[in-house]
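Chain and residue survey
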Amino acid sequence: MSRKRLIEMMRHCVDHAKAGTQELEPEVFRVPASNYWDEGRWRREIDGIFRRVPLLLATTAELREPGRYKALEVLGVPVLIARARDGELRAFVNLCSHRGAQLMPTGGGKARRFICPYHAWAYDDEGALVGILSASEFGDVDKSCLGLTRLPVAERAGLVWVHLDPAAELDIDVFLGGYDEMLAHFHFEDWHLVSQRSVEGPNWKIAYDGYLDLYHLPILHKETFGPKFPNQAHYYAWGPHQRVSSPHPGLAQMDELSEEEWPDSVLMGGVWTVFPHVSIATFDAGGPGVLLSQLFPGSTPGESVTVQNYLMANEPDEAQRAEAQKQIDLLEYVVREEDYATGLRQQQALRTGTLDEVLFGRNEGGGHRFHRWVERLIEADAGELKGLFEAGEASIRPR
Ligand code: FES
Ligand SMILES: [Fe+2]
């Protein structure tokens, strides 16, 4: 079923590539410019979106064997994700029940137990408190009530989603709406992480707009990879998650093969965004790879941090690694010096308050859909969330 959907998308793209056309939205879309800098608005986005939907915080590649863990801080919440001996992933608040020290330092590694660096209380891989230093002198406490606080976690398509709110109820499968079945065609569960680095950027939505935008490619990226691409894009949506495809003229060659022969690697090409903060862009350098970018809002509306994860389908040998490395360096340069350098100046200019609205053209449908979802979600009360994701596109269709 999902391969059929991939073929339909490719057919649509090939037909448009041959005609040199793209699909257009009915109208130009307007977004208040203050949405990018207003502090109150920004807080509503953090609380209404980032604290209420599952976030893509890790890849299976980072947590493959039992005992592997990853500790990170997301919007001020220290998170610990670990593969337990039963093979299942667990996620916890990375916080010791004794007096609240952070158990594991930021980063990854392998551990059978999590030992607090302050007074050595020990937790097992299910988060149970299993050791209290000098227990008889410490005094009577019920260990069974002092385990780590669990966070809802789910592993789908070789990717790992975690809720920052321990009491979150939104089901991951409702949230993904079948998008994970599409992402499963990458087979990320078998891929390798070859590089991880971070880049500082502007407001998270300025940064995210750029990942949905192919209109700028031949212009802003004219010195790097841009001239190879048309400025057109097609968007395919699963709720707020959008795949972005370029109707590249080279796609006309696809008609030399029958649709059944179209390889998965070509069918999966382009950019797959995962709402609200991830973009997965395909590349081929030293072998098939993707740049998986995780955007995190920073500590003010004008800041964000993007973690660039470069994953490859096969463990690269030395020559492939060197080739991949050149690609990774180029992508970091493009994002840092072209996208985010422009975005940071855009942020500064918007902050003057002298522009009332920003515009998304009829050719920029990805931005229409993204900003409509942001708006809808921050307005929604807790009881409405599930229904919004179940209804998908209908939730944001202009009335
Ligand atoms: S704070 Fe963790 S053992 Fe004391
Ligand atoms: Fe860009």
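Here, every reference points to the structure presented above.
Computed from a prediction, not measured in an experiment: that's the story for all the values here. (Residues numbered from 1 in each chain as written. Chains lettered and ligands numbered in written order. Predicted model: local features only at pLDDT ≥ 70, side-chain atom pairs only at ≥ 80, totals over all residues. Heavy atoms only, no water.)

1. Considerations on unusual backbone geometry
Of note, the bond from F275 into P276 is cis; its omega dihedral lies within 30 degrees of zero at 0°. Mapped onto the elements of the fold, P276 is located in the loop between β16 (271-274) and β17 (278-284). Even without glycine at this site, A120 takes up a positive phi of about 65°. If you trace the backbone, A120 turns up in the loop between β7 (113-115) and β8 (122-124). Here the phi dihedral of A157 falls at roughly 55°; this positive angle occurs in a residue that is not glycine. (Helix = DSSP H or I, 4+ residues; strand = E, 2+ residues; numbered from the N terminus.)

2. Looking at the pairing of strand β11 (residues 153-156)
Remark: a regular strand shows side chains that alternate across the two faces of the sheet. Relative to strand β12 (residues 159-162), β11 runs antiparallel, the two being bridged by four bridges. Directly across from E155, in β12, lies its bridge partner V160. From the end of β11 to the start of β12, which pair antiparallel, there are two residues, and A157 there has a positive phi angle of about 55°. (Pairing = 2+ DSSP bridges.)

3. So, the pattern of salt bridges
A full pass over the atoms with the stated rule returns 30 salt bridges. Note that R156 and D173 form a salt bridge whose closest N and O atoms lie 2.8 Å from each other. Linking R156 in strand β11 with D173 in helix α4 (residues 172-176), this pair joins segments that are 17 residues apart in sequence. (Salt bridge = Lys/Arg side-chain N within 4 Å of Asp/Glu carboxyl O.)

4. What about the coordination of the iron ion (ligand 2)?
Of the protein atoms, only H216 (NE2), H221 (NE2), D339 (OD) and D339 (OD) coordinate the iron ion (ligand 2), at distances of 2.0 to 2.8 Å. Around the iron ion (ligand 2) sit four donor atoms, and with donor-metal-donor angles ranging over 52 to 155° the site reads as irregular. Read from N- to C-terminus, the donor residues coordinating the iron ion (ligand 2) fall into the pattern H-x4-H-x117-D. Placement of the pair is H221 in the loop between α7 (217-220) and β14 (234-238) and D339 in helix α9 (residues 318-350), with a sequence separation of 118 residues. (Donors = N, O, S within 2.8 Å, 3.2 Å for Na, K, Ca; no water. Tetrahedral: all angles 85-135°; square planar, octahedral: opposite > 155°, others 65-115°.)

5. Here's the deal with the pairing of strand β5 (residues 89-93)
In terms of burial, β5 is a largely internal element, five of the five residues being buried. As defined by bridge partners, strand β4 (residues 77-83) adjoins β5 across five bridges and the pair is classed as antiparallel. By the bridge assignment, V79 is partnered in β5 with V93. Linking β4 to β5, which pair antiparallel, is a turn of five residues; within it G87 sits at a positive phi near 90°. Bridge analysis of β5 against strand β10 (residues 150-151) gives two bridges, and the strand direction is antiparallel. Note on β10: the bridge partner recorded for F92 is R150. (Buried < 20%, exposed > 50% of the residue type's maximum accessible area, 1.4 Å probe, protein only.)

6. Considering the layout of surface pockets
If you add up the space inside the largest pocket, you get close to 1400 Å³. Taken together, 49 residues make up the lining of the largest pocket; nearest its centre are F229, G269, G270, T282 and F283. Mapped by element, the contributors of at least two residues to the lining of the largest pocket are α1 (2-19), α6 (204-211), β15 (241-245), α8 (264-267), β17, β18 (288-297) and α9. Among the elements that line the lining of the largest pocket, the one with the most residues is α9, at seven residues. As a volume, the second largest pocket reaches approximately 590 Å³. Lining the second largest pocket are 24 residues, with L72, E73, V74, F296 and V307 sitting closest to its centre. Taken together, the elements giving at least two residues each to the lining of the second largest pocket come down to α2 (39-50), β3 (68-74), β6 (107-110), β18 and β19 (304-312). Among the elements that make up the lining of the second largest pocket, the one with the highest residue count is β3 (five residues). Counted by class, the lining of the second largest pocket contains ten nonpolar, eight polar and six charged residues. Both domains that furnish three or more residues to the lining of the second largest pocket are identified here as domain 1 (2-52 + 188-395) and domain 2 (55-162). (1 Å grid on protein atoms, 1.4 Å probe; cavity = no way out; pocket = protein on both sides within 12 Å on 5 of 7 lines; lining within 4 Å. Points joined across faces, edges and corners; volume = space filled by probe spheres on them. Nonpolar A, V, L, I, M, F, W, Y, C, P; charged D, E, K, R; others polar. Domains from an automatic or database assignment.)

7. A short note on the sheet that holds β5
Read from one edge to the other, the open sheet built from five strands follows the order β6-β3-β4-β5-β10, with strand pairing classed as antiparallel. Of all strands in the sheet, those with a lone pairing partner are β6 and β10, marking the two edges. Judged from the four bridges that link them, β3 and β6 form a sheet pairing that is antiparallel. Across the sheet, the residue bridging to A71 is G107, located in β6.

8. Quick word on the sheet that holds β11
The three strands lie next to each other as β2-β12-β11, forming an open sheet whose pairing is antiparallel. Looking at strand neighbours, the two that pair on one side only are β2 (55-59) and β11, the edges of this open sheet. Averaged over neighbouring strand pairs, the angle between their axes works out to 30° when direction is ignored. (Axes fitted to C-alpha atoms, helices over the stretch in contact; angles between N-to-C directions.)

9. Things to note about empty space enclosed by the protein
Sizing a probe to match a water molecule and rolling it over the atoms shows the empty space that remains. This structure, assessed with the given rule, holds one cavity of 30 Å³ or more. Of the volumes computed, that of the largest cavity is approximately 50 Å³. Surrounding the largest cavity, D209, L212, D213, Y235, F360, E364 and G367 form its lining. Of the residues assigned to the lining of the largest cavity, the class counts are three nonpolar, one polar and three charged.

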